Structures are given as C-alpha cells and as structure tokens.
Amino acid sequence: QVQLVESGGGLVQVGGSLRLSCAAPGSIFRVNSMGWFRQAPGQQRELVATITSGGYTNYADSVKGRFTISRDNVKNTVYLQMNSLKAEDTAVYYCHTPTSRGRYWGQGTQVTVSS
C-alpha cells in the first residue's frame with residue numbers, strides 16, 4: 001500500500017492563497033509523476049495539475065496562471081501553490097500518483113474559498 005499524506009487545506013477568502021503539500025514514499029516519488037485532482041460536491045473528480053519525475057508540468061485550463069505545481073526531490077513532496085483563489089475552486093483536493101502497481105490517492109484535503 002502506497003501512502004500519500006496531504007496537508008495545507010483550509011478556509012480562505014476570494015483572491016487569497018493556499019499551498020497544499022503531499023508527501024510520498026521515496027521509492028515511488030523518484031520515478032513517478034505526481035498530480036493533484038479535485039472534487040466539488042455533486043461533481044466528478046477532475047485533474048488540476050500534474051508534474052513528471054523530470055519536472056514537466058500540465059495544468060487544467062481553469063487554473064492556468066493561478067496555480068503552480070512543484071516537487072521537492074529531497075523531501076519527496078509535491079506542492080500545489082494556489083493563488084487568486086475563486087469560489088469555484090472550492091473542493092476536496094486529492095494527491096495522486098500512477099505507478100506500475102496501480103493508481104494511488106491521498107486522503108483528500110478540503111479547500112473552501114469564501115466570498
């Protein structure tokens with residue numbers, strides 16, 4: 001079982017910022033892409049951003065220019081810096097990694113953006 005440990009969610013006002021963190025086992029982190037998904041109430045889970053082991057990034061159109069995904073290969077941690085938050089960013093955010101053994105998810109962290 002691969003354990004992904006998330007932190008950093010919370011309540012923030014529109015226009016504010018939050019940073020999410022996700023720690024993974026080193027053996028997994030070093031060779032696999034990492035990503036963030038989110039799921040709002042009544043909605044399907046959607047991709048937010050991904051980063052490959054080599055540092056290439058991909059973003060959903062809805063977050064481009066506002067969110068930044070990064071990884072620390074010493075701490076085996078992936079981050080999601082979220083700026084200029086909007087009410088529609090409210091969701092549970094999940095860390096994710098696709099490995100040769102299967103797809104793994106974090107427990108989820110709530111992000112609530114209030115107006």
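Residues numbered from 1 in each chain as written. Predicted model: local features only at pLDDT ≥ 70, side-chain atom pairs only at ≥ 80, totals over all residues. Heavy atoms only, no water.

Asks: Got a minute to help me understand the overall build of the protein chain in this structure?
Replies: Helices and strands together make up the secondary structure of the protein chain, namely 1 helix and 11 strands. Here the C-alpha atoms of the protein chain give a radius of gyration of 13 Å, agreeing with the 13 Å that 2.2 N^0.38 yields for 115 residues. Looking at the 115 residues of the protein chain, the share that counts as buried comes to 43%. Sequence-distant contacts, at least 24 apart, represent 53% of the contacts inside the protein chain between residues at least 6 apart. For the protein chain, the exposed area adds up to about 6,100 Å²; of that, 46% sits on carbon and sulfur atoms. In the protein chain, 11 positive and 6 negative side-chain charges are present, and the distance between their average locations comes to 8 Å. (Helix = DSSP H or I, 4+ residues; strand = E, 2+ residues; numbered from the N terminus. Rg over C-alpha atoms; globule rule 2.2 N^0.38 Å. Buried < 20%, exposed > 50% of the residue type's maximum accessible area, 1.4 Å probe, protein only. Contact = heavy atoms within 4.5 Å. Areas by Shrake-Rupley, 256 points an atom, 1.4 Å probe, with all protein chains shown as cover. Lys, Arg positive; Asp, Glu negative; His and termini not counted. Charge placed at Lys NZ, Arg CZ, Asp CG, Glu CD.)

Asks: For this particular structure, what's the right way to read the pairing of strand β8 (residues 77-82)?
Replies: Sheet faces and side chains relate simply in a regular strand, where the side chains alternate between the two faces. The buried fraction of β8 amounts to 5 of the 6 residues, a majority that puts the element mostly inside the structure. The pairing of strand β3 (residues 18-23) with β8 spans 6 bridges and is antiparallel. Across the sheet, the residue bridging to Leu20 is Leu80, located in β8. Pairing of strand β7 (residues 67-72) with β8 involves 6 bridges; the strand directions are antiparallel. Each bridged residue has a counterpart across the sheet, and for Phe67 the counterpart in β8 is Met82. Counted between consecutive antiparallel strands, the loop separating β7 from β8 contains 4 residues, among which Asn76 sits at a positive phi close to 55°. (Pairing = 2+ DSSP bridges.)

Asks: What is the right way to look at the state of the cysteines in this model?
Replies: As used here, a disulfide is simply a covalent bond connecting the sulfur atoms of two cysteines. Taken as a whole and judged by the stated rule, the model has 1 disulfide. In this model Cys22 forms its disulfide with Cys95; the gap between the sulfur atoms is 2.1 Å. Between Cys22 and Cys95, the S-S torsion sits near -80°, and that sign places the bridge as left-handed. Of the two residues, Cys22 is situated in strand β3 and Cys95 in strand β9 (residues 91-99); the sequence distance between them amounts to 73 residues. Accessibility assignment for this pair places Cys22 and Cys95 in one class, buried. (Disulfide = S-S within 2.5 Å.)

So yeah, pure geometry; function would need other evidence.
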